[in-house]
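Results of the structural survey
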Amino acid sequence: MGFHGTFFVNKIREFEKGKIQPREMIEIAEEFLNGGTNFERPLNETLKFIMKDGDVIFITDGKSKVTDHFLEKFNETKKAKKFNVLSLVIGEHSDIETIEKFSD
């Protein structure tokens, strides 16, 4: 049985596959985490939980950089576990160039 989860810098929420309620989706979308955008931390947490053939939805309104070492490890794991990353960028101040390096 698979799990879907939402990963934040300081918070992890797991949802059994197909069991997230609309109310929970709205709560996640409305949550503000006080800035300090960091792409690597939540994506590294994703690697601990993602199952083969899964999908990750990465939502951001910020700018951040990722290291070449991180990108190599993340993209190798993504290929091995056959998962995709769909990124949703909110606002005009996000770092699209960096996001494209790990997104499908």
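It should be noted that the structure appears before, not after, this text.
So, here's what we can say about the structure. (Residues numbered from 1 in each chain as written. Predicted model: local features only at pLDDT ≥ 70, side-chain atom pairs only at ≥ 80, totals over all residues. Heavy atoms only, no water.)

1. Some words on a nonpolar patch on the surface
Quick reminder of the rule: For patch building, the residue pool is restricted to those with more than 30% relative accessible area and no salt bridge; the joining distance is 9 Å between like charges and 5 Å between nonpolar side chains (Val, Leu, Ile, Met, Phe, Trp, Tyr). Residue exposure ignores everything except the shown protein chains as possible cover, and the areas themselves are Shrake-Rupley values with a 1.4 Å probe. Any carboxyl oxygen of Asp or Glu within 4 Å of a side-chain nitrogen of Lys or Arg constitutes a salt bridge here. The helix and strand labels rest on DSSP assignments: H or I over at least four residues marks a helix, E over at least two residues marks a strand, and numbering proceeds from the N terminus. Each residue is placed in one exposure class: buried if its accessible area under a 1.4 Å probe, protein chains only, is under 20% of its type's maximum, exposed if it is over 50%, and partly exposed if it falls in between.
A grouping of Ile57, Ile59, Leu86, Leu88 and Ile90 is seen on the molecular surface, where their side chains present a nonpolar patch of about 510 Å² in accessible area. Only strand 3 (55–60) and strand 4 (84–89) provide two or more residues apiece to the nonpolar patch. By the element assignment, leucine 88 lies in strand 4. By relative accessible area, which is 44% here, leucine 88 ends up partly exposed.

2. Regarding unusual backbone geometry
For aspartate 53, which is not a glycine, the phi torsion comes out positive at approximately 65°. Relative to the elements of secondary structure, aspartate 53 occurs in the loop between helix 2 (40–49) and strand 3. Look at lysine 82: it is not a glycine, yet its phi comes out positive at around 55°. With respect to the element layout, lysine 82 can be found in the loop between helix 3 (68–81) and strand 4.

3. Details of the pairing of strand 3
A regular strand places its side chains on the two faces of the sheet in alternate fashion. What counts here: Think of it this way: DSSP has to see at least two bridges between two strands before they count as a pair.
Alternating residues of strand 3 divide into Val56, Phe58 and Thr60, all buried, and Asp55, Ile57 and Ile59, none buried. Of the pairings in the sheet, the one linking strand 3 to strand 4 comprises six bridges and is parallel in character. The partner of aspartate 55 across the bridge, within strand 4, is asparagine 84.

4. Observations concerning the pattern of salt bridges
As enumerated under the stated definition, the model contains two salt bridges in all. The partner of glutamate 45 in a salt bridge is lysine 48, and the shortest N-O contact between them spans 2.9 Å. You can see glutamate 45 and its partner lysine 48 sitting in helix 2, three residues apart, about one turn around the helix. A salt bridge links aspartate 104 to lysine 78; the nearest nitrogen and oxygen atoms lie 3.3 Å apart.

5. Things to note about helix 3
What counts, and what does not: Multiplying 1.5 Å by the residue count of a helix minus one yields the expected span of that helix.
When the terminal C-alpha atoms of helix 3 are compared, their 20 Å separation across 14 residues agrees well with the 20 Å that a helix rising 1.5 Å per residue should span. In the stretch just after helix 3, lysine 82 is the one whose phi turns positive, near 55°.

Functional significance is not addressed by these values, which are geometric in nature.
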